[in-house]
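# Understanding the architecture of this molecule
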Amino acid sequence: MQSQRTTILSSLPLQILIYFENWFVLGYTFFNACAFVYKGSSYYYPKYMWPIEVFTLLAFAAVQWARLFLASKSNKTEMLRPMIWSLLLTPCAVTAYWYFIYAQLYVLRVDVIVNAIGIVFVGLELPFQLVAAFHFSTAIYI
């Protein structure tokens, strides 16, 4: 008869960060959509830039949703593969935050603050994800 390990390897701080970042990304996407409407009505937007920035926001939201879903699934089921995929999507998220701070057409002060909060979330999650991935990879199932 095989015995299973009873040690819990999932990370509660990581799960808490994932939970709050899920809400942050939802609010962030809504905020940026409203900011695009404000910028479009207050500033001159070239016709070719509007679709690029909206597509970038929607792609970013999809990548963030996938990254957070994979991290949460991995943390709850203690599986390594989804955590690795989540870690591989992390540079994409940081690059998108960087784009929205430095490279979009019009950057408001509130954009910088909100994107900095997003980078802090990713920076706080990363060490917990690495530690959880290490624990999942070294777990011995007897």
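Quick look at the structure, then. Please read these numbers as outputs of a predicted model, since none were measured by experiment. (Residues numbered from 1 in each chain as written. Predicted model: local features only at pLDDT ≥ 70, side-chain atom pairs only at ≥ 80, totals over all residues. Heavy atoms only, no water.)

## Considerations on the side chain of Ser74
Selection rule: Helix and strand definitions here come from DSSP, where helices need a minimum of 4 consecutive H or I residues and strands a minimum of 2 consecutive E residues; each element is numbered from the N-terminal end. When accessible area is computed with a 1.4 Å probe and restricted to protein chains, residues below 20% of their type maximum are described as buried, those above 50% as exposed, and intermediate ones as partly exposed. Counting of polar contacts relies on pairs of N or O atoms within 3.5 Å, with two restrictions inside protein: one atom must be capable of donating a hydrogen and the other of accepting it, and residues adjacent in sequence are counted only when both atoms are side-chain atoms. Any two residues having at least one pair of non-hydrogen atoms within 4.5 Å are treated as being in contact.
On the secondary structure map, Ser74 appears in helix α2 (residues 49–77). Exposure remark for Ser74: the relative accessible area of 0% places this residue in the buried category. In this structure the side chain of Ser74 is engaged in a polar contact, spanning 3.4 Å, whose partner is the backbone nitrogen of Met83. Sequence-distant contacts of Ser74, that is, excluding residues within four places in its chain, are made with Met79, Leu80, Pro82, Met83 and Phe136.

## What about the packing of aromatic side chains?
As a reminder, the rule being used: Only Phe, Tyr and Trp rings take part, Trp by its six-membered ring, and two of them pair if their centres are within 6.5 Å. Stacked means planes under 30 degrees apart, edge-to-face means over 60, and tilted covers everything else.
Per the counting criterion, the structure on display carries 16 aromatic pairs. Seen from their ring centres, Tyr19 and Phe20 are 5.2 Å apart, and the 80° between their planes marks the pair as edge-to-face. Aromatic pair Tyr99 and Phe100: ring centres 5.3 Å apart, planes at 75°, arrangement edge-to-face. As far as burial versus exposure is concerned, Tyr99 and Phe100 are alike and both buried.

## Examining the packing of helix α1 (residues 12–42) against α2
As a reminder, the rule being used: Lines fitted to C-alpha atoms define the axes here, with helix axes fitted over just the stretch in contact, and angles between the N-to-C directions of these axes take values from 0 to 180 degrees. To sort the angles, those under 35 degrees are grouped as roughly parallel, those over 145 as roughly antiparallel, those from 65 to 115 as roughly perpendicular, and the leftovers as oblique. In this classification, Asp, Glu, Lys and Arg are treated as charged, Ala, Val, Leu, Ile, Met, Phe, Trp, Tyr, Cys and Pro as nonpolar, and every other residue, Gly included, as polar.
Close contact between α1 and α2 brings their axes to 10 Å; oriented N to C, the two are set at 170°. By the angle between their directions, the pair α1 and α2 is classed as roughly antiparallel. Per-class residue counts for the contact of α1 with α2 are 14 nonpolar, eight polar and four charged.

## What to know about α2
The cut-off we apply is this: The span you would expect from a helix comes to 1.5 Å times its residue count less one.
Taking 1.5 Å per residue as the helical rise, α2 with its 29 residues ought to reach 42 Å, and the 42 Å between its terminal C-alpha atoms agrees with that figure. For α2, the set of buried residues is Met49, Glu53, Leu57, Phe60, Ala61, Gln64, Arg67, Leu68, Ala71, Ser72, Ser74 and Asn75. Where the residues of α2 are buried, they touch α1, α3 (80–103) and α4 (109–138). Of the residues flanking the end of α2, it is Glu78, one or two places downstream, whose phi is positive at about 60°.

## A short note on a nonpolar patch on the surface
Applied cut-off: For patch detection, residues must exceed 30% relative accessible area and be free of salt bridges, and they are connected within 9 Å for like charges or within 5 Å for nonpolar side chains (Val, Leu, Ile, Met, Phe, Trp, Tyr). Method for areas: the Shrake-Rupley scheme with a 1.4 Å probe, in which residue coverage is limited to the protein chains shown. What counts as a salt bridge is simple: a side-chain nitrogen of Lys or Arg found within 4 Å of a carboxyl oxygen of Asp or Glu.
Taken together, the side chains of Leu12, Ile16, Tyr19, Phe20, Trp23 and Leu26 define a hydrophobic patch exposed on the protein surface, amounting to about 690 Å² of accessible area. Secondary-structure assignment places Leu26 in helix α1.

## Observations regarding the environment of Val122
With respect to the helices and strands, the residue Val122 is situated in helix α4. With 73 residues separating them in the primary sequence, Val122 and Met49 have C-alpha atoms 27 Å apart. Ignoring anything within four residues of it in the chain, the contact list for Val122 reads Glu21, Arg67, Thr90, Val94 and Tyr97.

## As for the packing of α2 against α4
In a packed pair of helices, the relevant descriptors are the angle between the two axes and the axis-to-axis distance. The following threshold applies: For any helix crossing, the convention is left-handed if the near helix is rotated counterclockwise from the far helix by under a right angle, and right-handed if that rotation is clockwise.
Two elements in contact, α2 and α4, have axes separated by 11 Å at closest approach and are oriented at 40°. Accordingly, the angle class assigned to the pair α2 and α4 is oblique. For the crossing formed where α2 meets α4, the hand is left-handed. The segment α2 lies against α4, with Arg67, Leu68, Ala71, Ser74 and Asn75 engaging Val122, Glu125, Gln129 and Phe136. When grouped by side-chain class, the residues that make up the contact of α2 with α4 number four nonpolar, three polar and two charged.

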